[in-house]
Amino acid sequence: MTAMTDLAGTYAIDPTHSTLGFVARHAMITKVRGSFTDFEGIAHVDGQNPAASDVTVTIQVASIDTRNADRDGHLKTGDFFALETYPTITFASTKVAATGSETVEVTGDLTIKDVTKQVTIPFEFTGAATDPFGNERIGFEGSVDVNRSDFGLTFNAALETGGVLIGEKIKLEFEISAIKQA
């Protein structure tokens, strides 16, 4: 079995086998899940020296999908992502550090709208395999909580019963399959 320390090379995220998702508290009682379906990312991986690794990701805001067209349309407006002005969300790592034999923390600059904040995302290496087409794949899973207001996503509505329509804390979830580039 391939260990995380055995990884080396440049890997492109495979969007058809990866998920960049999010979870938001709705009406104080339930969670709404969504994802972005159009994104690209490159990781330069050095398993022997994780500090030499880096990751960049660009997400197309227009690809937001919460399984509700009206909600998706609202999320694209100035109340939230302001798609017309800010069509992409970006992440660029500034530090990669191994935290265990199969875990790593990726710290970097997350830019949503015109706001850039540093976030640290813990990832677990989920394995490596050669697929039936000869592609060398690696997998990582991770998540991190962010405060949406920190990124200018401040729209909300008060509820009659108290509280607000949308929670401040948003969980970002990543399930990544990446293919080694030639």
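Everything that follows concerns the structure shown earlier in this document.
Just so you know, the residues in each chain are numbered from 1, in the order the chain's sequence is written. Thresholds applied to this predicted model are a pLDDT of at least 70 for local features of residues and 80 or more for the giving and counting of side-chain atom pairs; totals over whole chains, interfaces and linings are not thresholded and use all residues. Hydrogen atoms and water are omitted, and side-chain values are computed over all heavy atoms in the structure.

1. Thoughts on the overall build of the protein
Counting from the N terminus, the helices are the DSSP runs of H or I reaching at least four residues and the strands are the DSSP runs of E reaching at least two. Summing up its helical and strand segments, the protein has 1 helix and 11 strands in all. Ordering the α and β elements of the protein from the N terminus gives β-β-β-β-β-β-α-β-β-β-β-β. Here's how the labels work: a residue is buried when its accessible area is under 20% of the maximum for its type, exposed when over 50%, partly exposed in between, all with a 1.4 Å probe on protein chains only. Across the 182 residues in the protein, those meeting the buried criterion constitute 40%. Whether two residues are in contact is decided by their heavy atoms: any pair within 4.5 Å suffices. Relative to all contacts within the protein whose residues are 6 or more apart in sequence, the contacts with residues 24 or more apart total 56%.

2. Things to note about the side chain of Lys113
Residue position: Lys113 is located in the loop between strand 8 (103-112) and strand 9 (115-130). A 3.5 Å cut-off defines polar contacts: any pair of N or O atoms within that distance qualifies, except that in protein one atom must be a possible hydrogen donor and the other a possible acceptor, and neighbouring residues in sequence count only when both atoms are side-chain atoms. Engagement of the side chain of Lys113 in a polar contact is seen with the backbone oxygen of Phe80, the distance being 3.0 Å.

3. Observations concerning unusual backbone geometry
Residue Arg67 is not a glycine yet carries a positive backbone phi of 65°. By the element assignment, Arg67 lies in the loop between strand 6 (64-65) and helix 1 (69-75). For Arg67, a relative accessible area of 71% translates into the label exposed. The residue Ala82 is not glycine, and still its phi comes out positive at about 50°. With respect to the helices, strands and loops of the structure, Ala82 is situated in the loop between helix 1 and strand 7 (88-98).

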